[in-house]
Amino acid sequence: MKEAVSLVENSKRILLSGHLRADGDCLGAQSVIFHALRKLGKQVEVMLPNAPDNRYGFLEAHTPWTLFDGTLPAADLLIVCDCNQLDRLGAMGEAVAKSDMPRIVVDHHPMEEDHGWTAQVHDCSAAASGLLALDFAAALGAGDLPLEAYEAAFVALMTDTGWLKYSNANAAAWAAAARLAEHGVDTARVYDLVYQQAEIGRPLGMVAALENLEYHADGQIAIASVSQTRLTELGGSMEDTDDVLDLLRSIRVVEAVGLLTEREGGMVKLSLRSKQVLDVNKVARTLGGGGHARAAGATFASGTSLEQALVQVRAALLGAL
Ligand code: 5GP
Ligand code: MN
């Protein structure tokens, strides 16, 4: 933390970023740091490797971002949120690796090896990177932040803990949620913005995923998958996958869940969740991805079909059990 603070103190222009297809935690952490740095009089820019999930678009109103178009803007310092491997930034990560900008990571994922960070704000016990961002803002002496920053921190915390229901929702997470509510965050408004603005095709998207449900090992493993073709046939949509994953995890005998979705352009994305014992971060790593012990994911190399990905996921999950 100390090194990170002094790097910021010695920088004027600061670039913020995070992982591909930024989620609520990634965008929330960026937003907290953005407002803290602005309060400290820094020039700040948020640049994402690609477009985030639509449901977080409301955050852009107070934390404007641009998308990487092949060139990194000139800056004295880069701060990367919610991932600690540069390959999670796709092509933007390659540009970062080539630049000599010092870089800080603000993250809560296990860090298996040194990825060349100049300084780290890293704690695996933090429920969300957004909470580490609040600690960072405090260490920088930013004082009280605007309500928008607290709202963004709340988005980060609540989306990464499934509204405080997953095993990462420790006492510090619950205390932080209460503190953010005391700061004036309209918690019901955030719930509505994040979870109640889905497209009308969402139920049929869930149908498309669930019609391919398969159980293995007496139901300890559940795998669902959805192809782009079937989604289109049904008129379904599947932007975020939380509901399907939650439903499958609600089955008593299920320990681990995999959900494969074919994205536009044919890319296959895997989400993994587990309940008590299975380390899905390890499973995801064998498939070229990563994450946390109870929530992880991977993106298959382009050209991998949904069927081919399914074969790999079945083998990886059954092997880990
Ligand atoms: P989700 O299933 O919600 O997309 O992601 C759950 C967790 O898995 C996140 O914390 C994220 O860090 C990790 N994750 C998701 N997709 C990928 C991926 O393609 N690569 C890696 N390394 N991690 C991923
Ligand atoms: Mn996170």
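Residues numbered from 1 in each chain as written. Chains lettered and ligands numbered in written order. Predicted model: local features only at pLDDT ≥ 70, side-chain atom pairs only at ≥ 80, totals over all residues. Heavy atoms only, no water.

Caption draft 1: Structural context of the coordination of the manganese ion (ligand 2). Around the manganese ion (ligand 2), the protein contributes the donor atoms Asp-25 (OD), Asp-82 (OD), His-108 (NE2) and Asp-160 (OD), which lie 2.1 to 2.3 Å from the metal centre. Within one chain, the residues serving as donors to the manganese ion (ligand 2) are arranged as D-x56-D-x25-H-x51-D. A residue pair is termed long-range when its members are at least 10 positions apart, and Asp-82 in the loop between strand S4 (77-81) and helix H3 (90-98) and His-108 in the loop between strand S5 (103-107) and strand S6 (119-122) qualify at 26 residues. Asp-82 gets classed as buried once you look at its relative accessible area, which sits at 2%. A relative accessible area of 2% means that His-108 is categorised as buried. (Donors = N, O, S within 2.8 Å, 3.2 Å for Na, K, Ca; no water. Helix = DSSP H or I, 4+ residues; strand = E, 2+ residues; numbered from the N terminus. Buried < 20%, exposed > 50% of the residue type's maximum accessible area, 1.4 Å probe, protein only.)

Caption draft 2: Highlighting helix H2 (residues 24-39). Taking 1.5 Å as the rise per residue, H2 with 16 residues should run 22 Å; its terminal C-alpha atoms sit 22 Å apart, in good agreement. The buried count for H2 comes to 14 of 16 residues, which makes it a mostly enclosed element. Residue Gly-41 follows H2 closely and has a positive phi angle near 85 degrees. (Expected span 1.5 Å × (residues − 1).)

Caption draft 3: Seen up close, the pairing of S6. Of the two faces of S6, only the one carrying Ala-119 and Val-121 is buried; Gln-120 and His-122 on the other face are not. The pairing of S5 with S6 spans four bridges and is parallel. Counted as the bridge partner of Asp-107 is His-122 from S6. (Pairing = 2+ DSSP bridges.)

Caption draft 4: Examining the site of ligand 1 more closely. If you check the shell around ligand 1, you find 14 residues, and the closest are His-109, Ser-271, Arg-273, Ala-296 and Thr-299. Take Arg-273: an N or O atom from its side chain is 2.8 Å from an oxygen atom of ligand 1. Thr-299 has a polar side-chain atom sitting 2.7 Å from an oxygen atom of ligand 1. For ligand 1, the protein covers 82% of the area, taking 490 Å² as the surface of the free molecule. At the level of elements, strand S10 (268-274), strand S11 (290-291) and strand S12 (295-299) are the ones that each hand at least two residues to the shell around ligand 1. With five residues, S12 is the single largest residue contributor to the shell around ligand 1. Residue composition of the shell around ligand 1, by class: three nonpolar, eight polar and three charged. (Near = heavy atom within 4 Å. Polar contact = N/O pair within 3.5 Å; in protein donor to acceptor, adjacent residues only side chain to side chain. Areas by Shrake-Rupley, 256 points an atom, 1.4 Å probe, with all protein chains shown as cover. Nonpolar A, V, L, I, M, F, W, Y, C, P; charged D, E, K, R; others polar.)

Caption draft 5: Expanded view of the pattern of salt bridges. Throughout the structure, instances matching the rule amount to 14 salt bridges. Across the pair Asp-53 and Arg-55 runs a salt bridge, and its minimum N-O distance is 3.8 Å. Residue Asp-53 is classed as buried on the basis of its relative accessible area, which comes to 9%. In this structure, Arg-230 engages Glu-211 in a salt bridge whose closest nitrogen and oxygen atoms are separated by 2.3 Å. With Arg-230 in helix H9 (residues 228-234) and Glu-211 in the loop between helix H8 (202-210) and strand S7 (214-216), the pair connects residues that are 19 residues apart, well separated along the chain. The exposure class assigned to Arg-230 is partly exposed, which follows from its relative accessible area of 27%. Linked by salt bridges that have partners in common, Asp-53, Arg-55, Arg-202, Asp-240, Asp-242 and Asp-243 make up one network. (Salt bridge = Lys/Arg side-chain N within 4 Å of Asp/Glu carboxyl O.)

Caption draft 6: Examining the nonpolar core more closely. Of all hydrophobic cores here, the largest spans 59 residues; its most connected members are Ile-79, Ile-104 and Phe-136. Those residues within four positions of Ile-79 in sequence are excluded, and the remaining contacts are Val-8, Ile-14, Leu-15, Leu-16, Ser-17, Ile-33, Leu-37, Ile-104, Val-106 and Phe-136. Ranked by size, the runner-up nonpolar core spans 21 residues in total, among them Ala-256, Leu-260, Val-268 and Phe-300. (Core = buried A, V, L, I, M, F, W, Y, C linked by side-chain atoms within 4.5 Å. Contact = heavy atoms within 4.5 Å.)

Caption draft 7: Fine view of the packing of helix H5 (residues 147-160) against helix H7 (residues 187-195). Where H5 meets H7, the closest approach of the two axes is 11 Å, and the angle between their N-to-C directions is 60 degrees. Relative to H7, H5 is oriented oblique. As for the relative orientation of H5 and H7, their crossing is right-handed in sense. Between H5 and H7, the contacting residues are Glu-151, Phe-154, Val-155, Met-158 and Thr-159 on the first element and Thr-187, Arg-189, Val-190, Val-194 and Tyr-195 on the second. Residue classes in the contact of H5 with H7 are distributed as six nonpolar, two polar and two charged. (Axes fitted to C-alpha atoms, helices over the stretch in contact; angles between N-to-C directions. Parallel < 35°, antiparallel > 145°, perpendicular 65-115°, else oblique. Left-handed = near helix turned anticlockwise from the far one by under 90°.)

Read these as spatial facts, not as claims about activity.
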